[in-house]
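A closer look at the structure
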Amino acid sequence: MIEVTDENFEEVVENSPGIFFLFFKKQSCGPCREFVPVFEKTAVMFSDRAHFGSLDVRENPINAKELIGNSFPSVVCFVNGKPHKTHIGSVQIYDFVNRFINPTLVSAAAKLASIKK
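Parameters at a glance
- Residues numbered from 1 in each chain as written.
- Predicted model: local features only at pLDDT ≥ 70, side-chain atom pairs only at ≥ 80, totals over all residues.
- Heavy atoms only, no water.
- Pairing = 2+ DSSP bridges.
- Helix = DSSP H or I, 4+ residues; strand = E, 2+ residues; numbered from the N terminus.
- Buried < 20%, exposed > 50% of the residue type's maximum accessible area, 1.4 Å probe, protein only.
- Lys, Arg positive; Asp, Glu negative; His and termini not counted.
- Salt bridge = Lys/Arg side-chain N within 4 Å of Asp/Glu carboxyl O.
- Contact = heavy atoms within 4.5 Å.
- Phe/Tyr/Trp six-rings, centres within 6.5 Å; stacked < 30°, edge-to-face > 60°.
- Core = buried A, V, L, I, M, F, W, Y, C linked by side-chain atoms within 4.5 Å.
- Patch = residues over 30% accessible without salt bridge, like charges linked within 9 Å, V, L, I, M, F, W, Y side chains within 5 Å.
- Areas by Shrake-Rupley, 256 points an atom, 1.4 Å probe, with all protein chains shown as cover.
- Charge placed at Lys NZ, Arg CZ, Asp CG, Glu CD.

Take the pairing of strand E5 (residues 82–88) next. Here strand E4 (residues 74–79) runs beside E5; their pairing, made up of 6 bridges, is antiparallel. Among the inter-strand pairings, valine 76 is bridged to a residue of E5, identified as threonine 86. Counting the residues that bridge the hairpin from E4 to E5 gives 2 residues, and of these asparagine 80 lies at a positive phi of roughly 50°.

Shown next, in the form of structure tokens:
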């Protein structure tokens, strides 16, 4: 998993081809700490289909404020560097994968296919 900062955001996320899931977290946020293992396991499970990274919003507030405001924890899916879909809140891995990751991968893949045409 890639550690994203305000300094490397453009290089790592906006210039990333394909699908990139970015976890916006805050160390002082209980639900964020609870969600870390869910996101880390998901990143391992789907590493062959997408890139995964995390961004600490306290240390890197610029992009977080623009993309998610004050909604923590949040995961934004980017397709070719552009925001595609957002998940807000801490959930168990089953719900995260079935209600966000899988449907988002399908819609992101369709978007990528339409771009290539």
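Okay, back to it.
This paragraph deals with the side chain of aspartate 6. By the element assignment, aspartate 6 lies in the loop between strand E1 (2–3) and helix H1 (9–14). This buried residue, aspartate 6, is left without a salt bridge; lysine 65 holds the nearest opposite charge, at 11 Å. In this structure aspartate 6 touches Asn60, Pro61, Ile62 and Asn63, once residues within four positions along its chain are discounted.

Here the focus is the packing of aromatic side chains. Scanning all chains against the criterion turns up 9 aromatic pairs. Relative to phenylalanine 35, the ring of phenylalanine 23 has its centre 5.3 Å away and its plane inclined at 75°; by these criteria the two rings are edge-to-face. Of this pair, phenylalanine 23 sits in strand E2 (residues 19–25) while phenylalanine 35 sits in helix H2 (residues 30–45), and the two are 12 residues apart along the sequence. Take phenylalanine 35: its relative accessible area is 0%, and that puts it in the buried class. Taken together, a centroid distance of 4.9 Å and an interplanar angle of 90° make the contact between phenylalanine 35 and phenylalanine 96 edge-to-face.

Next up on the list: the nonpolar core. If you look at the biggest cluster of nonpolar residues, it comprises 20 residues, and the most contacted ones within it are Ile19, Phe21, Phe39, Val75 and Phe96. Per-element accounting of this core gives the leading share, 7 residues, to helix H4 (residues 93–116). Ignoring anything within four residues of it in the chain, the contact list for isoleucine 19 reads Arg49, Ala50, His51, Cys77, Phe78, Leu105, Ala108, Ala109 and Leu112. If you look at the next biggest cluster of nonpolar residues, it comprises 13 residues, including Val4, Val12, Ala64 and Val76.

So, on to the environment of serine 74. With respect to the element layout, serine 74 can be found in strand E4. Under the relative-accessibility criterion, serine 74 is labelled buried at 0%. With 32 residues separating them in the primary sequence, serine 74 and valine 106 have C-alpha atoms 20 Å apart. Among residues more than four places away in sequence, those in contact with serine 74 are Leu22, Phe23, Phe24, Ile68, His87 and Ile88.

On the surface, Glu10, Glu11, Glu14 and Glu66 cluster together into a patch of negative charge. Here glutamate 10 shows up in helix H1.

It is worth spelling out the pattern of salt bridges at this point. Tallied over the entire structure, the rule returns 1 salt bridge. Aspartate 95 is the salt-bridge partner of arginine 99, the closest N and O atoms lying 3.9 Å from each other. Here the residue arginine 99 and the residue aspartate 95 both occupy positions in helix H4, the gap between them amounting to 4 residues, near one helical turn. We classify arginine 99 as exposed; its relative accessible area is 66%.

Geometric descriptors of this kind do not, in isolation, establish any biological role.
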